[in-house]
Amino acid sequence: MKKRFYTILTACILYFGLSVTGCGSTFYNGASSGSGASSESLAVPGSRTDKSESYDAGELYSADQAAEEKIAEDADMDSGSESGLGTGTVTNQNQKMIYTYNYSTETKEFDSFYQKVTAKTQELGGYVESSETNGSVSDGINRYAHLTLRIPAEKMEQLTSLLDTESNVTYRSRSSENVTLQYVDMESHIKALRTEQKALLQLLEKAEKLKDIIALQSQLTQVRYEIESYESQLRMYDNLVDYSTIYLDITEVERTTNVTSAHASFFEETADRFSDNLYAVGQWLRMTAIWLISSLPVLLPLAAVLAAAFILIRKRKKGCGLRRKKFMHAKNARLNHENETVHYESIFNETIPDETVPDETVPDETDSE
């Protein structure tokens, strides 16, 4: 009986639990279906309903979900394009490459070569981004210039050919950077943001409540700021891709440096180094001679003053030496005189004996008595 009673009790408990669960799900579904007409406090973006002119949270969620799906689609497109880059389906024309050049040159005709470079830059459709010149011909200092040039990428070879033919190139380098992935990623972000902006503008036209309008305008401001930021970066990339950058150093010299080839023999390299060092020594001697000759108006008076001071000091030292010598001579003479006096006195005392007085005995009074 007890076992049967426990079995019936367990069955009743299970039936009651299943009944409560079914009622709860029915109540939840009914509440969910009725939330669209009652939740006016969440009326931000969404579409109008048939029973009310306000917006609910479900509609806002639908708009956001649509924007997210659009972003996901654009991301899929970007990933497909990126995989195409890896497999070679994208042509070289779609590649976004940034090229940077570094050149160091020497020239004997500084002004002429500088004008040729700037004129060639304008001819190719480029421009001088920055320039700096140091040195002066009047001071005898060789001039030096540092230029930052922006040249159309497809015309850069024409400028490098000019540098090779009109100057002595001592250093050159080229670096490249592929920014295709970053560029495509920014474009996809801009497309998604524009889609979101369009949806927000449509919702703003339908919005009636003040708080909804303020929220939409705030979100629109943020979206516009992000679009402008991405567009600014795209313009920067476009400029760097379309116009390659070359950093050019121009040095004025009287004799160009011998640039030894990588395939030069031992004797050729030795001869070039010996010639360069010999020229450097000759230039040093030349500059030293020029400095000495040009400094004579200053060096001669300075040498005269130094010579006069040396002669004066020498005379004073000589006078002091004579006075000191006379003093020592007089001192020695006095000492000699004193020594001679003592010597003569000792001789005189030795030759003349001392006169001794004989002792006189005094008679004792007791004896006389």
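Residues numbered from 1 in each chain as written. Predicted model: local features only at pLDDT ≥ 70, side-chain atom pairs only at ≥ 80, totals over all residues. Heavy atoms only, no water.

Novice: Help me get a handle on the overall build of the protein, residues and values and all.
Specialist: In terms of regular secondary structure, the protein is built from nine helices and five strands. The N-to-C order of helical and strand elements in the protein reads α-α-β-α-β-β-α-β-α-α-β-α-α-α. Counting every position in the protein, which comprises 369 residues, the buried fraction comes to 21%. Contacts in the protein between residues far apart in sequence, at least 24 positions, make up 72% of those at least 6 positions apart. (Helix = DSSP H or I, 4+ residues; strand = E, 2+ residues; numbered from the N terminus. Buried < 20%, exposed > 50% of the residue type's maximum accessible area, 1.4 Å probe, protein only. Contact = heavy atoms within 4.5 Å.)

Novice: Describe the pattern of salt bridges, with residues and values.
Specialist: Applying the stated criterion to the full structure yields seven salt bridges. Of the charged contacts in the structure, one is a salt bridge between Glu123 and Lys120, with a shortest N-O distance of 3.9 Å. With Glu123 and Lys120 both in helix H3 (residues 110-123) and three residues apart, the pair spans about one turn of that helix. Asp164 is paired through a salt bridge with Arg172; the nearest N and O atoms lie 3.1 Å apart. Through salt bridges that share partners, Asp111, Arg143 and Glu252 make up one connected network. (Salt bridge = Lys/Arg side-chain N within 4 Å of Asp/Glu carboxyl O.)

Novice: Tell me about the side chain of Thr245, and name the residues and values.
Specialist: Position of Thr245 among the secondary structure elements: in strand S5 (residues 243-252). Classification of Thr245 as buried rests on a relative accessible area of 9%. Residues in contact with Thr245, not counting those within four places in the same chain, are Tyr99, Thr100, Tyr101, Thr148, Leu149 and Arg150.

Novice: Help me get a handle on the confidence of the model for the protein, residues and values and all.
Specialist: Mean pLDDT over the protein stands at 74; residues scoring 70 or higher make up 66%. The low-confidence segment residues 16-64, where pLDDT is below 50, has 39 contacts with residues more than four positions distant or belonging to other chains. (pLDDT = per-residue confidence, 0-100.)

Novice: Let's hear about the nonpolar core: which residues, and what values?
Specialist: Formed by 18 residues in total, the largest nonpolar core has its most connected members in Leu149, Leu159, Ile246 and Leu248. Breaking this core down by element, the ones donating at least two residues are strand S1 (97-107), H3, strand S3 (141-152), helix H4 (156-166) and S5. The contact partners of Ile246, leaving out residues within four places of it in the chain, are Tyr101, Tyr103, Leu147, Thr148, Leu149, Ile151, Met156, Leu159 and Leu163. (Core = buried A, V, L, I, M, F, W, Y, C linked by side-chain atoms within 4.5 Å.)

Novice: Explain the packing of aromatic side chains to me, and be specific about the residues and the numbers.
Specialist: Each pair of aromatic rings is reported with the distance of its centres and the angle of its planes. If you walk through the whole model with that rule in mind, you get two aromatic pairs. Aromatic side chains Phe110 and Tyr114 sit 6.1 Å apart centroid to centroid with 25° between the ring planes, which places their arrangement in the stacked category. Here Phe110 and its partner Tyr114 are both found in helix H3, four residues apart, which amounts to about one turn of the helix. The ring of Tyr183 carries the charged tip of Lys96 above its face, separated from the ring centre by 4.6 Å. (Phe/Tyr/Trp six-rings, centres within 6.5 Å; stacked < 30°, edge-to-face > 60°. Lys NZ or Arg CZ within 6 Å of the ring centre and 35° of its normal.)

Novice: Which residues make up the sheet that holds S1, and what values go with them?
Specialist: Read from one edge of the open sheet, five strands run S2-S3-S5-S1-S4, paired in mixed fashion. Unpaired on one side and paired on the other, strand S2 (127-136) and strand S4 (168-178) mark the two borders of the sheet. Averaged over all neighbouring strand pairs, the angle between strand axes comes to 10°, with direction disregarded. Pairing geometry for S3 and S5, over nine bridges, is antiparallel. (Pairing = 2+ DSSP bridges. Axes fitted to C-alpha atoms, helices over the stretch in contact; angles between N-to-C directions.)

Novice: Break down the packing of helix H5 (residues 180-206) against helix H6 (residues 210-242) for me, with residues and values.
Specialist: Where H5 meets H6, the closest approach of the two axes is 9 Å, and the angle between their N-to-C directions is 155°. One way to sum up the angle between H5 and H6 is to call them roughly antiparallel. Relative to H6, H5 is oriented so that their crossing is left-handed. When grouped by side-chain class, the residues that make up the contact of H5 with H6 number 16 nonpolar, six polar and seven charged. (Parallel < 35°, antiparallel > 145°, perpendicular 65-115°, else oblique. Left-handed = near helix turned anticlockwise from the far one by under 90°. Nonpolar A, V, L, I, M, F, W, Y, C, P; charged D, E, K, R; others polar.)

Novice: Kindly report on a nonpolar patch on the surface, identifying the contributing residues and their values.
Specialist: A surface patch of nonpolar side chains, amounting to about 530 Å² of accessible area, comprises Trp291, Leu292, Ile293, Leu296 and Leu300. Only helix H7 (266-294) and helix H8 (296-351) provide two or more residues apiece to the nonpolar patch. Per-element accounting of the nonpolar patch gives the leading share, three residues, to H7. (Patch = residues over 30% accessible without salt bridge, like charges linked within 9 Å, V, L, I, M, F, W, Y side chains within 5 Å. Areas by Shrake-Rupley, 256 points an atom, 1.4 Å probe, with all protein chains shown as cover.)

Novice: Hey, could you go over the pairing of S3 for me, with residue numbers and the actual values?
Specialist: If a strand is regular, its side chains alternate between the two faces of the sheet. When S2 meets S3, the two strands line up antiparallel, connected through eight bridges. Residue pairing for S3: Thr133 is matched across the bridge by Ala145.

Novice: Kindly report on H5, identifying the contributing residues and their values.
Specialist: Between its terminal C-alpha atoms H5 stretches 40 Å, which fits the 39 Å expected from 27 residues at 1.5 Å a residue. Three or more residues of H5 are buried, namely Thr180, Tyr183, Val184, Met186, Ser188, Ile190, Ala192, Leu193, Gln197, Leu200 and Leu203. (Expected span 1.5 Å × (residues − 1).)

Novice: Got a sec to walk through the side chain of Arg150? Specific residues and values, please.
Specialist: Structurally, Arg150 is set in strand S3. Residue Arg150 is classed as buried on the basis of its relative accessible area, which comes to 3%. A distance of 3.0 Å separates polar atoms of two side chains, one belonging to Arg150 and the other to Asn239. The contact partners of Arg150, leaving out residues within four places of it in the chain, are Gly126, Tyr127, Glu129, Asn239, Leu240, Tyr243, Ser244 and Thr245. (Polar contact = N/O pair within 3.5 Å; in protein donor to acceptor, adjacent residues only side chain to side chain.)

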